[in-house]
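Summary of structural features
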Amino acid sequence: MINLKIDGRDVCVPEGTTILEAAETAGINIPTLTYDPRLGPCGDWDVCVVEVEGRLDFPKASSTVVEEGMVVRTETPAVVNVRKAILGRILANHPLDCLTCPKSGACKLQELCFKYDVKEATGVKTREERPIDDTNPFYYSDPNKCISCGKCVEVCAKLQCAKVLSFVEKGPHKYVSPPFGTAIAQSECVSCGNCVSVCPVGALMPKSKEVFRYWETEPVRTTCSYCGVGCQMDVLVKDNKIVDVRPADGPANGGLLCVKGKFAYGFVNHPDRLKKPLVRKNGKLEEVTWEEAFDVVVSKLKETKEQYGPDSIAAFSSARALNEENYLMAKLMRAVIGTNNIDHCARL
Amino acid sequence: MTNSIAEISDAEVIFAVGSNTTESHPVIGARVRQAVRKGAKLIVADSRDIPLKRDAEIYLKIKPGTNIALINAMINVILEEGLEDKEYIKNNTEGYDEFVEVIKKYTPEKAAEICGVDPEDIRKAARLYTSTPKATILYCMGVTQHLNGTETVISLSNLALVTGNLGRESSGINPLRGQNNVQGACDMGALPNLFTGYQPVNNPEVIQKFEKAWGVKLNNKVGLTVPEAMHKAEQGEVKVLYIFGENPMVSDPDTGHVEKALKKAFVIVQDLFLTETAELADVVLPAACFAEKDGTFTNTERRVQRVRKAVEPPGEAKADWEIIAEIMNRLGYEAKYNSAEDIFNEIRTVTPQYAGITYKRLDKEGIQWPCPTEDHPGTKILHVGKPTRGKGLIKPVEYEESPELGSEEYPLILTTGRILYHYHTRTMTARIEGINKLAPENYIEINPKLAAAKGIKDGDMVKVTSRRGEITIKARVTDRVAENVVFIPFHWGYGANVLTNGELLDKYCKIPGLKVTGVRLEKLA
Ligand code: SF4
Ligand code: SF4
Ligand code: SF4
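Residues numbered from 1 in each chain as written. Chains lettered and ligands numbered in written order. Predicted model: local features only at pLDDT ≥ 70, side-chain atom pairs only at ≥ 80, totals over all residues. Heavy atoms only, no water.

1. Concerning the interface of chain B and chain A
- Contacts between the two partners involve 150 residues from chain B and, on the opposite side, 107 residues from chain A.
- There are nine salt bridges connecting chain B and chain A.
- Where K276(A) meets E316(B), a salt bridge forms, and the shortest distance between an N and an O atom there is 3.3 Å.
- In this assembly, chain B and chain A are joined by 65 residue pairs in polar contact (both at pLDDT 80 or more). (Contact = heavy atoms within 4.5 Å. Salt bridge = Lys/Arg side-chain N within 4 Å of Asp/Glu carboxyl O. Polar contact = N/O pair within 3.5 Å; in protein donor to acceptor, adjacent residues only side chain to side chain.)

2. A short note on the sheet that holds strand β6 (residues 173-175) of chain B
Residues and elements named next belong to chain B.
- Ordered by their spatial adjacency, five strands build an open sheet running β3-β2-β1-β5-β6, and the pairing between neighbours is parallel. Lying at the two open borders of the sheet, with one neighbouring strand each, are β3 (58-61) and β6. Mean inter-strand twist for the sheet, computed between neighbouring axes without regard to direction, equals 15°.
- Judged from the five bridges that link them, strand β1 (residues 13-17) and strand β5 (residues 135-139) form a sheet pairing that is parallel. Within β5, the residue paired with I14 across the bridge is T136. (Pairing = 2+ DSSP bridges. Helix = DSSP H or I, 4+ residues; strand = E, 2+ residues; numbered from the N terminus. Axes fitted to C-alpha atoms, helices over the stretch in contact; angles between N-to-C directions.)

3. Description of the domain arrangement of chain A
All names here are of chain A.
- According to the domain assignment, chain A contains domain 1 (2-91), domain 2 (128-207), domain 3 (211-273) and domain 4 (278-347).
- Taking only C-alpha atoms, the centre of domain 1 and the centre of domain 2 are 28 Å apart.
- Facing eight residues of domain 1, the contacting portion of domain 2 comprises nine residues.
- Between domain 1 and domain 2, a total of about 760 Å² is buried, with carbon and sulfur atoms accounting for 72% of that surface.
- Among the residues domain 1 hides against domain 2, the three largest losses belong to T34, L39 and W45. Together they make up 59% of the total.
- Connecting domain 1 to domain 2 are zero salt bridges.
- Linking domain 1 with domain 2 are one residue pair in polar contact (both at pLDDT 80 or more), by the criterion used here. (Domains from an automatic or database assignment. Buried area = accessible area lost by both parts, 1.4 Å probe.)

4. Focus on the site of ligand 3
- Taken together, the neighbourhood of ligand 3 is formed by C224(A), Y226(A), C227(A), V229(A), G230(A), C231(A), L257(A), C258(A), K260(A), G261(A), P26(B) and V27(B).
- Neighbouring residues of ligand 3 are not confined to one chain but are distributed across chains A and B.
- Secondary structure elements with two or more residues in the shell around ligand 3: α6 (259-263) of chain A together with α3 (26-37) of chain B.
- Residue classes in the shell around ligand 3 are distributed as nine nonpolar, two polar and one charged. (Near = heavy atom within 4 Å. Nonpolar A, V, L, I, M, F, W, Y, C, P; charged D, E, K, R; others polar.)

5. Details of the pairing of strand β10 (residues 266-271) of chain B
All names here are of chain B.
- β10 sits mainly inside the fold: six of its six residues count as buried.
- Looking at chain direction, strand β9 (residues 240-244) and β10 are connected through five bridges and run parallel. Its bridge partner lying in β10, Y242 is registered against I268.
- Of the pairings in the sheet, the one linking β10 to strand β11 (residues 283-286) comprises four bridges and is parallel in character. Bridge pairing in β11 places V269 opposite V284. (Buried < 20%, exposed > 50% of the residue type's maximum accessible area, 1.4 Å probe, protein only.)

6. Some details on the pattern of salt bridges
- Applying the stated criterion to the full structure yields 55 salt bridges over all chains.
- R221(A) is the partner of D234(A) in a salt bridge, and the nearest nitrogen-oxygen pair spans 2.5 Å. Separated by 13 residues along the polypeptide, D234(A) in strand β10 (residues 232-238) and R221(A) in strand β9 (residues 218-223) bring together distant segments of the chain.
- The partly exposed category is assigned to R221(A), whose relative accessible area is 39%.
- The closest approach of N and O atoms between R480(B) and E445(B), which form a salt bridge, is 3.0 Å. With a gap of 35 residues between them, R480(B) in the loop between β19 (470-477) and β20 (485-489) and E445(B) in strand β17 (residues 443-446) connect regions that are remote in the sequence.

Below you can see the structure in the form of structure tokens.
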């Protein structure tokens, strides 16, 4: 174990731990734009710099491994100045349109500029405008907002293992796109949106139908309702509507989702949803009250059981419904109707 | 699954058979690829060039329905070359000697002929699978949806048992369950022969236990499976079908027969949308979806996880459990539940595997059953050290050709499967604009040689006919399928399942042989 001091606090961590991780165990938050524990150290120009006694430079907390007796300070005026300078340089190539940017409120760059009171860019813009790639139906890529952090490239290559995105360099420009600058729709992209979920700024964004601000939404942790992987995710809700989905770090999914979990939530609020019970009358399904629907169902079940016995009734339960509902359906059939005619489509 | 999903990333050899993992279980597919990135070797056996082919060290493009021959031959090589785990076999298995006799017949050369692959590749696969203790098997419907599906699973279990590749970190036999809660539905006893927790309905002790818990006399006659109930409905013996959250008009084989059954019986459907099945129903009850209720799902690694209410259901839709409880009450059986948690607490009292799981514990993270007590951490790996039943049964199984094949009238093999963008019968995904852009319509994959012989071009409409019926569908010409094989995703109604066989069922678990259907193909004039 290694002993060190961070902001005056004694910290003891295993060998090989980075300063950033060590600080985290002590409850000290070192700001970063892009840190993701699944991907290792942040990019070269991230703001996770700190001061280490005896060193003249400002090492990066996410890539510097702790040493015995190290004394680390995370928020000195000098450190803050370095961070401000980094942010200022990033801003030189980033539009200042937070007023209308949909990422506002969930943008790391905005958050850190606010924290360190950085209002203006340092230096001159070195990139020219590039067109937005909106060829994917679920997300778009706005290279003008990209801060070239590389997280999307890493996630796509190392976790999704799709290797769709890469840095394409054109003169002083470095931007993210499928190889050779082809459109996303022409690539092998599987629309998992994992790149979108990790982008710290408004460069890779979901195409949302709803107009909302992230601070207006409430996250609800739940389990994806599609396949058996059981990915954990947060659905973001505004005004009784799901407006976005964020992957959570569940044991099965480790912060990943696929296209269905990430983007295919629109069925929840779809106008085709059934809103009232229907009963067939004169050959046609007609809307009725629950009272009437229950009456029809219950009398039919009773009648059939009396006339033909319980085994003349069968139920197909649902591999999509809750455990609680499957249990209850089985109980209804076995304990109330009196038959074991219950199955579900496990086999299909 | 005997193992956990996260363990896949650390496996050293992965044998994926009949599982189009990156499309059917995309995040598990990503984990397989993560393992390959870290140096794991992947063996893929499938009858189509699935996306995982590009990651495979050994790719076995087998003829549909020939899994058993392949696996038996891999075992043959293992025994022939002395690669088996003799200790494990001696201490932990039974039935070995009889088994060896059968395996002898399955030389790689013989299997290669049946499966249509190179015998050397079978040898290589067998050697690779036994090259590390961290070898794991993943399989899915490509293994089970055959007439001999259960036997294929047995053959995979044989393979794991003779090599002892079981019950260890990153090593086991892992069926990937398709739908979000198919594991949970089985756990909860939504099965004709089992109560919750896999307790048999025809065991007197079990019956007694449930009669006491539920306060009624119970029927000990094993019930009907979905295909059986469908047949009896068509014959008029089953009078009422209560279908909730299922869409047999699309998902079940032989649509024509399903339609007849649904038209004959009194049908109650409880669903989110007016599905193809609901359209034929007598009563349709509007249900709440996952985002509109609290409860639990159990994923394919046996992990019970929370589902939380995020929004209100539309109109008068209700949670399925509320509807079912109301029907129970109106039928004169008291079902007093104020929440899904109340039901869960009752489940715990009758389901030993779930006894230690509480909503409070689930708040932090899902728990893998078996979890017998509240201080039990849950079970990450099954069969640790030795098989749960004491001795693992090694049982010889033989390859038999599907009766669907070998006919002159229907010379091609139709196989079905899932695609990434759609889910099951599309009730949900068909409502997503972006999905419809990426996967707008049904199609049939046809090998270029077959297409050329029939004068079919990419995008042409073709007629496909089986013993059950015929459909018209757009051709996609691709060498992903072999020359005598065609593929149709099953998601679209009035598509693949018009053709598939609903009569021939696996003799053990009654799964239909959806992966092999004899068909014939013509270009539409
Ligand atoms: S959506 Fe997924 S596959 Fe496509 S670029 Fe992003 S990470 Fe890669
Ligand atoms: S698109 Fe986003 S994640 Fe990708 S490099 Fe640019 S800023 Fe980083
Ligand atoms: S996000 Fe995709 S992989 Fe994960 S549970 Fe949902 S459907 Fe399955």
